Amino acid sequence: MKVYDGSSGTSTESQQERLKVGIAEYEVTTSGANLTTSGLGSCLGIAMYDEAAGVAGLVHVMLPSADEVDDTNEAKFADTGIELLVSEMERAGASTRHIEAKVAGGSDMLDFSQNGSGIGVRNVEQVEETLDSLNIPIVSQDVGGDHGRSLKLDGNSGDLTVKSANKGSQII
Amino acid sequence: MQVDIQSLETFNQLAYEGAEQATAMMAQMTGIDAAVDVTKITLMDRADVGEELAGQPFVGIQFGMEGVLNGDTTLVFEERCRDPIVEALPGGSSDGDMAESSVKEIGNIMMSGFIDGWADYLETTIEHSPPEYIEATGADVLPSADGVGSEQVFVFKSHIDWPGEDLNFYIYMLPEYTEMAEVMAANADTQSDAIPVDKLSVFNQMTREGTQKAAENVTAMTGIETDAEVTQISFAPIEDVPKQVDSKSYVGTVVEFDGTPSGYLSILFDETSAMNVAEALMPMEPDGEGFTSMHESAIEEMGNIMTSGFVDGWANVLQTSVEHTPPEVVHDMGQAIMDPLAAQVGQHQTHAFIIESRMQTDDLDFSCEIHALPDDAELKQALDDLEIERKDETEADVEKIF
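Residues numbered from 1 in each chain as written. Chains lettered and ligands numbered in written order. Predicted model: local features only at pLDDT ≥ 70, side-chain atom pairs only at ≥ 80, totals over all residues.

Describing the overall build of chain B
The number of helices and strands found in chain B is ten helices and 16 strands. Computed over C-alpha atoms, the radius of gyration of chain B comes to 22 Å, within 12% of the 21 Å expected from 2.2 N^0.38 for 402 residues, which places it in the range of a compact globule. Taking the principal axes of its C-alpha atoms as reference, chain B extends roughly 65 × 55 × 40 Å. Counting every position in chain B, which comprises 402 residues, the buried fraction comes to 51%. Pairs at least 24 apart in sequence give 77% of the contacts found in chain B among residues at least 6 apart. (Helix = DSSP H or I, 4+ residues; strand = E, 2+ residues; numbered from the N terminus. Rg over C-alpha atoms; globule rule 2.2 N^0.38 Å. Buried ≥ 20, exposed ≤ 12 C-beta atoms within 10 Å, placed from the backbone. Contact = placed C-beta atoms within 7 Å.)

What follows is the structure, encoded as structure tokens:
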């Protein structure tokens, strides 16, 4: 098993395919690719991994619920984005009984208080609710705070590397 | 002439699908799996088009368009893309003339995909001329802007990236302004949310004045001579808004403004510029290493005075009142600073207008970006209320503020 340690680029590492996940996008890999996404502020990255099936997926959501805005892009919202990623992972051979989730992002770096609870907080709440309804456990998370994050999901191991501009990086 | 928001969304989607189609054609021919990153419609000075390409070598394939849309489309590859793309083409060779004809061939097929999408939607034909191959640095890869410098044009720009190789290419479509505006107006479904398109360019001029005054103010406070550079108004899906800013670290301020229009405004310095501008403001040497709390308060002060100039400039021209919150200092990845702002606006709308300005200086490492995200219904209201003659008042009024 290859483990990405975030600092040394071994030759095996550099050969690993990298798929970039933009805002309101998702990717699924069955070939152990690295799935990356950058610049999460109040947005959330939800990484899912089914070790038994060797399927990993990452979605970068922006807003809590598709009910709030008339938009057809399911990957933009926490609720529909998770459902979409789970169904795409199932198509690739994963099973919800084995999928585990890791969540990072949802910071509240900017306080525009007249709008009630920050979007970061509401995103995290929605993700917890939707994953709970699908019986998918959150095995680790790095959410909230007041800093941005970039993520790298190793499709071979399910390790999620969380990097921030000012606080270094960690694997969760 | 009126252009409604729905038709801007439609045309943005058309440009996006065209870019997707062009990318799919390339994948089919070469196996290169690139992805369309951003597509936006921008209204800006013709002379500023391609400013973001400055200093880099490119290979361009230019096409003239004729039909309901006249103008030019250019496929722009980073020069270092050329060889890997040509070599990925079956039978392709990166040697001299062969490389040129291979790039032309790929360009031709990609462009057919791009332009056919437009023609299908508009239910008409758009002819394109044979491809012309150009190697040039910066904006010279695009058709020359000689003689049309201060004219405002619509630019449809797509950024496509090839993640495995860290290579980028771009599609610039530059239709003739009047025809494009007519096509957009003809495709408007309703008049209810129509934007007076002529006034968008007036708005650009106002923003330029405001930026200029903010730049003068930076000079007055710090002695740093700055130039206001590009000022443009773009329209893009809300999820593309954070991508307008690089993912590297920035320091700056963010405010929420409230009035007609309301929205969010960020003033961002790259880290080196932030250090330089903060130290130019400080009466004494800072205590400690790196970016200290003294730097932070200097940036806060700078952000406040620049924001006031910018926002009050609009308010005076629009003869409305626009208030803003005290600035919050941010120091983080550029995209992470922008995404909460985009998310706030995204609660009410799927697309957004982005007002962008940049200022910089040659003497010292200093550059600053201003991004404003107005609420689109309120921006429309502000534009409806705007009497075109009033734009001249910006100068005097902004001077009064300082």
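Comments concerning helix α9 (residues 376-385) of chain B
Those residues of α9(B) that fall on the buried side of the exposure criterion are D376(B), L379(B), K380(B), A382(B) and L383(B). The arc enclosing the buried residues of α9(B), seen along the axis, measures out at 160 degrees, which places them on a common side. (Arc of directions from axis to C-beta.)

What about helix α7 (residues 293-318) of chain B?
Because the α-helix completes a turn every 3.6 residues, residues three or four places apart line up on one side. Between its terminal C-alpha atoms α7(B) stretches 37 Å, which fits the 38 Å expected from 26 residues at 1.5 Å a residue. Q319(B) occupies a position one or two residues after α7(B) and carries a positive phi of about 50 degrees. (Expected span 1.5 Å × (residues − 1).)

Points about the domain arrangement of chain B
Residues and elements named next belong to chain B. Under the domain assignment, chain B is made up of domain 1 (2-186) and domain 2 (194-401). Using only C-alpha atoms to locate each centre, domain 1 and domain 2 end up separated by 29 Å. Contacts between the two partners involve 18 residues from domain 1 and, on the opposite side, 18 residues from domain 2. The set of elements that each furnish at least two residues to the side of domain 1 that touches domain 2 consists of β1 (2-4), α1 (5-30) and β2 (35-45). Tallying contributions element by element places β2 first for the side of domain 1 that touches domain 2, with seven residues. Class assignment of the residues belonging to the side of domain 1 that touches domain 2 gives a composition of eight nonpolar, four polar and six charged. (Domains from an automatic or database assignment. Nonpolar A, V, L, I, M, F, W, Y, C, P; charged D, E, K, R; others polar.)

Structural notes on the pairing of strand β10 (residues 168-171) of chain A
Residues and elements named next belong to chain A. With four bridges joining them, strand β9 (residues 160-164) and β10 adopt antiparallel strand pairing. Bridge pairing in β10 links K163 to S169. Remark: three residues form the turn of the hairpin made by β9 and β10, two consecutive strands paired antiparallel. (Pairing = 2+ DSSP bridges.)

Observations concerning the interface of chain A and chain B
Across the contact, 30 residues belong to chain A and 25 residues belong to chain B. Split into classes, the residues belonging to the side of chain A that touches chain B amount to 13 nonpolar, ten polar and seven charged.

Things to note about the sheet that holds β10(A)
All names here are of chain A. Read across the sheet, five strands follow the order β1-β3-β8-β9-β10 without closing on themselves; strand pairing throughout is mixed. At either margin of the open sheet sits one strand with a lone partner, and together these are β1 (18-20) and β10. Taken pair by pair, the neighbouring strands of this sheet meet at an average axis angle of 20 degrees, ignoring direction. Across five bridges, strand β3 (residues 34-40) lies against strand β8 (residues 149-154) in antiparallel orientation. By the bridge assignment for β8, L35 is matched with L153. (Axes fitted to C-alpha atoms, helices over the stretch in contact; angles between N-to-C directions.)

Some details on the packing of helix α2 (residues 79-88) of chain B against helix α3 (residues 96-122) of chain B
All names here are of chain B. Running from amino to carboxyl end, α2 crosses α3 at an angle of 80 degrees, the nearest separation of the two axes being 10 Å. Taken as axis vectors, α2 and α3 run roughly perpendicular relative to one another. Along the contact surface, α2 presents R82, I85 and V86, while α3 presents A99, S102, V103 and I106. By residue class, the composition of the contact of α2 with α3 is five nonpolar, one polar and one charged. (Parallel < 35°, antiparallel > 145°, perpendicular 65-115°, else oblique.)

Points about the sheet that holds strand β4 (residues 44-50) of chain A
Whether parallel or antiparallel, the strands of a sheet pair through hydrogen bonds between backbone atoms. Residue and element names in this part refer to chain A. Spatial strand order, β2-β5-β4-β6-β7: five strands in an open sheet with mixed pairing. Both outer strands of the open sheet, β2 (26-29) and β7 (138-143), are each paired with one neighbouring strand and no more. Ignoring which end each strand starts from, the neighbouring axes of this sheet average 10 degrees apart. Two strands pair when backbone bridges link them, and strand β6 (residues 100-105) and β7 are joined in this way by five bridges, in the parallel orientation. By the bridge assignment for β7, G105 is matched with V143. Sitting on the sheet, helix α2 (residues 78-91) is in contact with β2, β4 and β5 (55-61), with an inclination near 160 degrees to β5. Packed onto the sheet, helix α3 (residues 119-133) meets β4, β5, β6 and β7 and runs at close to 25 degrees relative to β4.

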